[in-house]
Amino acid sequence: MLDAIQFSSFAEFVDMGGYGFNVWSVYALFAIFVAVNLILPLRKKQKIIRQLKRRITLDAEIQSEDDSSSD
Amino acid sequence: MWVWFFKLGSPKWFYELSGRWLPWLIAAMVIFMTIGLVWGLLFLPPDYQQGFTSRILIVHVAVAGTSLAFFPLLLVAGTITLVWRMKLADMVAKNAAILGAWFSFITLATGSLWGSVMWGTWWEWTDSRLVSMLFQLFLLLGVISLRSALEDSDTAAKACALLSIVGCINVVIIKYSVEWWNTLHQVSSPVNMDASSPNGPEFWIATLIMIVAVYLFLSVSLILSTRNEILFRERKSQWVQDLVSKS
């Protein structure tokens, strides 16, 4: 299995037979593309839930103030 | 069948169902991505003509092929929105346009990075495949800006459905451009399982694994952003309020 690896040293792996810049740029772009489109929606979900939670507690406070003032 | 169809249109039902699917989809995506990337970067033998730039192609082909799925998806979603007034279809369409623009951009960028060393040029205005893919990116940017300009209106839905028809015709042009106009971009290589040939099974299987990985990524990303859209648009409904106070 391991001898099927195409490179004998780390420097060779980075160099990619002279096409290092192009190959690694493509894989870096792809990694950013995948990460951004997974992380952004996950963070947005947390933000939405935080906002909705705040709203619910605010509504509850207003509700209880109304109740106490009507006494 | 119809009961199922209209149930699927209910945002709450979709939210619950997709919540059960997501862990499995994410697990499958991680597995295929890992196998595809490790194989692609470490084990794929150099091409007899292209050397190690063939590593670029397994990513490029997977993203480019998948990017053609967005306009058909937008057309189906647009039709469902206009005919059955299904809110869910509109939420999917909104996020699909954004993700589709990303896919088109990455296709062009990875293609350029390959072409710059193999063709000796980053861009060629006379090549039909390149220009039609750029047109797809602009069309999707058009859909995005139309939607944000005409938020939630009937006109927006109609205009976007119309643009999706143009986009679908363009998808056919992208697909066959390399055969109709033989300029710079090469035609797709036939699937070849002969182990002795220069682009044999190891290249095909690596590409196939990346295609599956990219499709899984598309599904996960689209489901995640659609679920956000559901939470936001349904924020006043009881089930979202319950869900938020429980979390």
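Residues numbered from 1 in each chain as written. Chains lettered and ligands numbered in written order. Predicted model: local features only at pLDDT ≥ 70, side-chain atom pairs only at ≥ 80, totals over all residues. Heavy atoms only, no water.

Regarding empty space enclosed by the protein
Rolling a probe over the atoms, with the probe sized like a water molecule, indicates the empty space that remains.
Residues and elements named next belong to chain B.
Okay, step 1: A full pass over the atoms with the stated rule returns 1 cavity of 30 Å³ or more.
Okay, step 2: A volume near 90 Å³ is recorded for the largest cavity.
Okay, step 3: What lines the largest cavity is simply Leu74, Ala77, Gly78, Thr81, Asp90, Ala93, Val143, Arg147, Ala157, Cys160, Ala161 and Ser164.
Okay, step 4: Of all the elements in the fold, those that place two or more residues in the lining of the largest cavity are helix H4 (70-84), helix H5 (87-118), helix H6 (128-149) and helix H7 (154-180).
Okay, step 5: Here the lining of the largest cavity is composed, by residue class, of 7 nonpolar, 3 polar and 2 charged. (1 Å grid on protein atoms, 1.4 Å probe; cavity = no way out; pocket = protein on both sides within 12 Å on 5 of 7 lines; lining within 4 Å. Points joined across faces, edges and corners; volume = space filled by probe spheres on them. Helix = DSSP H or I, 4+ residues; strand = E, 2+ residues; numbered from the N terminus. Nonpolar A, V, L, I, M, F, W, Y, C, P; charged D, E, K, R; others polar.)

Notes on the layout of surface pockets
Residue and element names in this part refer to chain B.
Okay, step 1: The calculated volume of the largest pocket comes to roughly 1100 Å³.
Okay, step 2: Secondary-structure elements contributing two or more residues to the lining of the largest pocket are helix H3 (54-67), H5, H6, H7 and helix H8 (201-233).
Okay, step 3: Classifying every residue of the lining of the largest pocket gives 21 nonpolar, 17 polar and 4 charged.

Comments concerning the environment of Leu99 of chain B
Okay, step 1: Here Leu99 of chain B is to be found in helix H5.
Okay, step 2: Sequence separation of Leu99 of chain B and Leu218 of chain B is 119 residues, and the distance between their C-alpha atoms is 8.0 Å.
Okay, step 3: If we skip the residues at most four places from it in the chain, Leu99 of chain B touches Asn37 of chain A together with Phe70, Leu218, Ser221 and Leu222 of chain B. (Contact = heavy atoms within 4.5 Å.)

Considerations on a negative patch on the surface
Okay, step 1: On the surface, a cluster of negative charge is made up of Glu61, Glu65, Asp66 and Asp67 of chain A.
Okay, step 2: Glu65 of chain A gets classed as exposed once you look at its relative accessible area, which sits at 53%. (Patch = residues over 30% accessible without salt bridge, like charges linked within 9 Å, V, L, I, M, F, W, Y side chains within 5 Å. Areas by Shrake-Rupley, 256 points an atom, 1.4 Å probe, with all protein chains shown as cover. Salt bridge = Lys/Arg side-chain N within 4 Å of Asp/Glu carboxyl O. Lys, Arg positive; Asp, Glu negative; His and termini not counted. Charge placed at Lys NZ, Arg CZ, Asp CG, Glu CD. Buried < 20%, exposed > 50% of the residue type's maximum accessible area, 1.4 Å probe, protein only.)

What to know about the packing of H3 of chain B against H8 of chain B
Residue and element names in this part refer to chain B.
Okay, step 1: In the contact formed by H3 and H8, the axes pass within 9 Å of each other and the chain directions differ by 45 degrees. Considered as vectors, H3 and H8 are oriented oblique to each other. For the element pair H3 and H8, the recorded crossing hand is right-handed. On H8, the residues touching Ser54, Leu57, Ile58, Val59, Val61, Ala62, Val63, Gly65 and Thr66 of H3 are Phe203, Ala206, Thr207, Met210, Ile211, Val214, Tyr215 and Leu218.
Okay, step 2: Across the contact of H3 with H8, the residue classes tally to 13 nonpolar, 4 polar and no charged. (Axes fitted to C-alpha atoms, helices over the stretch in contact; angles between N-to-C directions. Parallel < 35°, antiparallel > 145°, perpendicular 65-115°, else oblique. Left-handed = near helix turned anticlockwise from the far one by under 90°.)

Concerning the nonpolar core
Okay, step 1: Counting residues in hydrophobic clusters, the biggest one holds 76 residues, and the most contacted among them are Phe30 and Phe33 of chain A together with Val59, Val63, Phe71, Phe103 and Phe217 of chain B.
Okay, step 2: For this core, the element with the most residues is H5 of chain B, which contributes 14 residues.
Okay, step 3: Not counting chain neighbours up to four residues away, the residues in contact with Phe30 of chain A comprise Met33, Leu37, Val59, Val63, Met210 and Val214 of chain B. (Core = buried A, V, L, I, M, F, W, Y, C linked by side-chain atoms within 4.5 Å.)

Some words on the interface of chain A and chain B
Okay, step 1: Counting residues at the interface gives 32 residues for chain A and 45 residues for chain B.
Okay, step 2: Contact between chain A and chain B buries roughly 3600 Å² in total, counting both sides, with carbon and sulfur atoms accounting for 80%.
Okay, step 3: Interface area lost by chain A to chain B is led by Tyr27, Phe30 and Phe33 of chain A, which between them contribute 20%.
Okay, step 4: At the boundary of chain A and chain B, one finds 0 salt bridges.
Okay, step 5: The interface formed by chain A and chain B holds 7 residue pairs in polar contact (both at pLDDT 80 or more) in total. (Buried area = accessible area lost by both parts, 1.4 Å probe. Polar contact = N/O pair within 3.5 Å; in protein donor to acceptor, adjacent residues only side chain to side chain.)

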